[in-house]
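Chain by chain, the residues run as shown.
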Amino acid sequence: MKQTKQQRTSKVVPFTGEFYPVPDPEPAPAGNNLAAFLVMLAAALVAGLSIGAISTYQSADQVQLREMKAQSQQLEKVKIQVCR
């Protein structure tokens, strides 16, 4: 069974009685899908990296390391004051 194309329909302009063809709807451009996918991929990558950086910065080992570094700096200041 053959499929036939839809016949173009015409509309009548009111008051003049003239016919004009109805334009076919244009298909959506395919390039937008790829661009949208790449933007979403980049956003997901940035979000993942930022979550990883935050979790690493707030990890117990990193907090302890920063505290030890601050204490070491304070100890150096005390050494300098005492050894004068």
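Each value, and the rule that gives it
- Residues numbered from 1 in each chain as written.
- Predicted model: local features only at pLDDT ≥ 70, side-chain atom pairs only at ≥ 80, totals over all residues.
- Heavy atoms only, no water.
- Helix = DSSP H or I, 4+ residues; strand = E, 2+ residues; numbered from the N terminus.
- Buried < 20%, exposed > 50% of the residue type's maximum accessible area, 1.4 Å probe, protein only.
- Areas by Shrake-Rupley, 256 points an atom, 1.4 Å probe, with all protein chains shown as cover.
- pLDDT = per-residue confidence, 0-100.
- Phe/Tyr/Trp six-rings, centres within 6.5 Å; stacked < 30°, edge-to-face > 60°.
- Lys NZ or Arg CZ within 6 Å of the ring centre and 35° of its normal.
- Patch = residues over 30% accessible without salt bridge, like charges linked within 9 Å, V, L, I, M, F, W, Y side chains within 5 Å.
- Salt bridge = Lys/Arg side-chain N within 4 Å of Asp/Glu carboxyl O.

Draft legend 1. Geometry of the overall build of the protein. Each helix and strand in the protein was counted, giving 2 helices and 2 strands. Order of helices (α) and strands (β) in the protein, N terminus to C terminus: β-β-α-α. The proportion of buried residues among the 84 residues of the protein is 0%. Carbon and sulfur atoms form 63% of the exposed surface of the protein, whose accessible area is close to 8500 Å².

Draft legend 2. Examining the confidence of the model for the protein more closely. Scored by pLDDT, the protein comes out at a mean of 82, with 73% of its residues at no less than 70. For the protein, the element scoring lowest by mean pLDDT is strand β1 (residues 10-12), at 65; helix α2 (residues 60-82) scores highest, at 94.

Draft legend 3. Main features of the packing of aromatic side chains. One pass over the structure, following the stated rule, counts 0 aromatic pairs. One residue, Arg 66, lies across the ring of Tyr 57, its end atom 3.8 Å from the ring centre.

Draft legend 4. Structural view of a nonpolar patch on the surface. Residues Leu 34, Phe 37, Leu 38 and Leu 41 make up a contiguous nonpolar surface patch of about 420 Å² in total accessible area. When you line up the elements, Leu 38 lands in helix α1 (residues 31-57).

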